[in-house]
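# Geometric and topological summary
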Amino acid sequence: MAKLKIVKFGDETLRRVCRPVDEITPRIKTLLDDMIETMRAANGVGLAAPQVGILRRIAVIEVEEGVVHELINPKIIAYSGEQEGNEGCLSNPGKYGKVKRPMCVTVRAQNRKGETYELTGKELLARAIMHECDHLDGKLYTDIQTEEYVED
Ligand code: ZN
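A brief report on the enclosed structure follows. (Residues numbered from 1 in each chain as written. Predicted model: local features only at pLDDT ≥ 70, side-chain atom pairs only at ≥ 80, totals over all residues. Heavy atoms only, no water.)

Coordination of the zinc ion by the protein comes from Cys89 (SG), His131 (NE2) and His135 (NE2), over a distance range of 2.0 to 2.2 Å. Each donor residue of the zinc ion lies on one chain, and together they are spaced C-x41-H-x3-H. With Cys89 in the loop between strand S4 (83–87) and strand S5 (95–101) and His131 in helix H2 (residues 123–135), the pair connects residues that are 42 residues apart, well separated along the chain. A single burial state applies to Cys89 and to His131, both of which are buried. (Donors = N, O, S within 2.8 Å, 3.2 Å for Na, K, Ca; no water. Helix = DSSP H or I, 4+ residues; strand = E, 2+ residues; numbered from the N terminus. Buried < 20%, exposed > 50% of the residue type's maximum accessible area, 1.4 Å probe, protein only.)

Here it is in structure tokens:
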């Protein structure tokens, strides 16, 4: 496994729409492993492929320690409720924004075996799913934040 360099806000890569994954090759599996290592090393709860410079529809999420969700070609299929809270991004270190998100989200995705599955998350997991899926369409939380905070 290898730790990858995280692209920062301002880089055009983060504004591109990512391409779907047609075939889960060994390279894609290595990318997933490297993304998990990179996310953990940066103490993040989620990371999307464009954040490591790869324009493919792939994200990893680990809200609960040890429970990693690998999302390949994710699609939000249901959402409900609303929550407002602080959100950050590994590509925008030291900053947070107040962002409204659904309280509950269901996403359909493939895992590394190519199996389609559904994941329903509430609260922080719902927020992470929305945040990472937005990345795959070139959208950033700062586009929808209502306030911005800078860490001391
Ligand atoms: Zn992010």
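Structure shown, so let's carry the discussion forward.
Once that is clear, we can look at the pattern of salt bridges. The final tally for this structure, using the stated rule, is ten salt bridges. For Glu62, the salt bridge identified is with Arg40, shortest N-O distance 2.7 Å. Of this pair, Glu62 sits in the loop between strand S2 (58–61) and strand S3 (69–80) while Arg40 sits in helix H1 (residues 26–41), and the two are 22 residues apart along the sequence. Overall, the relative accessible area of 8% leaves Glu62 in the buried class. Take Arg40: its relative accessible area is 42%, and that puts it in the partly exposed class. Between Arg112 and Glu70 there is a salt bridge, with its nearest N and O atoms 2.6 Å apart. Of the two residues, Arg112 is situated in the loop between strand S6 (104–110) and strand S7 (116–122) and Glu70 in strand S3; the sequence distance between them amounts to 42 residues. For Arg112, a relative accessible area of 24% translates into the label partly exposed. Assessed through its relative accessible area of 13%, Glu70 is described here as buried. (Salt bridge = Lys/Arg side-chain N within 4 Å of Asp/Glu carboxyl O.)

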